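Structural overview for review
Here's the letter readout for the chains.
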Amino acid sequence: MKTKIFPKIILTTFLVATIIAGCATYQEPSPASTPPPQETEIPASPTREVATREVPEKFDQFTPVVPIIKEPIDMTPISPADLPVNFQDVADQAMTELAEELSIQKDQISLISVQSVVWSDSSLGCPQPDMNYLMVLTEGYRVVLVVEDEPFYYHANKRGYGIFCENPNPPYSEGAVDR
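In this report, we go over the structure that sits alongside the text. Values in this document were obtained by computation on a predicted structure and should not be read as measured data. (Residues numbered from 1 in each chain as written. Predicted model: local features only at pLDDT ≥ 70, side-chain atom pairs only at ≥ 80, totals over all residues. Heavy atoms only, no water.)

Looking at the overall build of the protein chain
Scanning the protein chain from terminus to terminus reveals two helices and five strands. Reading the secondary structure of the protein chain in the N-to-C direction produces α-α-β-β-β-β-β. Taken over 179 residues, the protein chain has a buried fraction of 25%. Taking as baseline every contact in the protein chain between residues at least 6 positions apart, the subset at least 24 positions apart corresponds to 61%. (Helix = DSSP H or I, 4+ residues; strand = E, 2+ residues; numbered from the N terminus. Buried < 20%, exposed > 50% of the residue type's maximum accessible area, 1.4 Å probe, protein only. Contact = heavy atoms within 4.5 Å.)

Spelled out as structure tokens, the structure:
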């Protein structure tokens, strides 16, 4: 009978010790002593000299940074009639909105390209300051139009919403059909 009680006593003692240890409060270790302040010499009169470090010789010859240049745009106009129907609709929408914005006729606008793309978020590659966007991949289109050698970038989603971008971001991915 004594052999059956002994394991129960050990188990009970272990559980009580665990509960007591769990209820104990955590004490932050005392911070290490701070070193005494270094005595520095204070000049009698203020100076304007600033201590500088010498640049190692290996940095004497800096490598020039080449600016990132956007891809050149093939400025050969295309006819909207040569496009698939869904591209014709978005191209017509972009041309209509640009004609209204610039107060010109649609025949003064050249269509350069229409692409099926996926935008990285709901900004359609045209994020505006102080705006929040859904971080979801958004299927849409990128349309490039030209008026008097000035390109205009129109970004749209598949639901018919579109916007002209002054500083367009590239799409997340491009569709298989171009132009």
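What follows continues from the structure just given.
As for the side chain of S123
Mapped onto the elements, S123 comes out in the loop between β1 (110-119) and β2 (138-147). Reaching out from S123, the side chain makes a polar contact with the side chain of D121 at a distance of 2.5 Å. (Polar contact = N/O pair within 3.5 Å; in protein donor to acceptor, adjacent residues only side chain to side chain.)

Section: the layout of surface pockets
There is about 150 Å³ of room inside the second largest pocket. Forming the walls of the second largest pocket are L98, E101, P151, F152, Y153, F164, C165 and E166. Elements supplying a minimum of two residues to the lining of the second largest pocket: α2 (85-102), β3 (150-157) and β4 (162-165). Considering only residue class, the lining of the second largest pocket consists of six nonpolar, no polar and two charged. (1 Å grid on protein atoms, 1.4 Å probe; cavity = no way out; pocket = protein on both sides within 12 Å on 5 of 7 lines; lining within 4 Å. Points joined across faces, edges and corners; volume = space filled by probe spheres on them. Nonpolar A, V, L, I, M, F, W, Y, C, P; charged D, E, K, R; others polar.)

Comments concerning the state of the cysteines
Enumeration according to the criterion identifies one disulfide in this entry. Across the disulfide, C126 is cross-linked to C165 (sulfur-sulfur distance 1.4 Å). On the criterion of sequence distance, the pair formed by C126 in the loop between β1 and β2 and C165 in strand β4 is long-range, its members being 39 residues apart. The buried category is assigned to C165, whose relative accessible area is 8%. (Disulfide = S-S within 2.5 Å.)

Structural notes on the pairing of β3
Most of β3 is tucked away, with six of its eight residues classed as buried. Where β2 lies against β3, eight bridges are found, and the strand directions are antiparallel. Bridge pairing links V147 to E150 in β3. Hairpin connection between β2 and β3: a loop of two residues separates the two successive antiparallel strands, and E148 in this loop has a positive phi of roughly 50°. Examined bridge by bridge, β3 and β4 share four bridges and lie antiparallel to one another. When the bridges of β4 are listed, Y154 appears paired with F164. Linking β3 to β4, which pair antiparallel, is a turn of four residues; within it G160 sits at a positive phi near 105°. (Pairing = 2+ DSSP bridges.)

Examining unusual backbone geometry
The backbone phi angle of L124 is positive, close to 60°, even though this residue is not glycine. Owing to a relative accessible area of 1%, L124 belongs among the buried residues under this scheme. The phi dihedral of D130 is positive, around 60°, even though this residue is not glycine. Tracing the backbone shows D130 in the loop between β1 and β2. By relative accessible area, which is 81% here, D130 ends up exposed.

Topic: the nonpolar core
Among the nonpolar cores identified, the biggest contains 20 residues, and L111, V114, V143 and L145 are the most heavily contacted of them. Elements with a minimum of two residues in this core: α2, β1, β2 and β3. The greatest single-element share of this core, amounting to seven residues, is contributed by α2. Once residues lying within four places of it in the same chain are set aside, the contact partners of L145 are A94, M95, L98, I109, S110, L111, I112, E150, P151, F152 and F164. (Core = buried A, V, L, I, M, F, W, Y, C linked by side-chain atoms within 4.5 Å.)

With respect to α2
Between its first and last C-alpha, α2 extends 26 Å over 18 residues, near the 26 Å set by a 1.5 Å rise per residue. Listed in full, the buried residues belonging to α2 are F87, V90, A91, A94, M95, L98 and A99. Buried residues of α2 fall within an arc of 170° about the axis and therefore sit on the same side. α2 presents V85, D89 and E100 as exposed residues on the side facing more than 90 degrees away from its buried surface. Of the residues one or two after α2, S103 is the one with positive phi, at around 55°. (Expected span 1.5 Å × (residues − 1). Arc of directions from axis to C-beta.)

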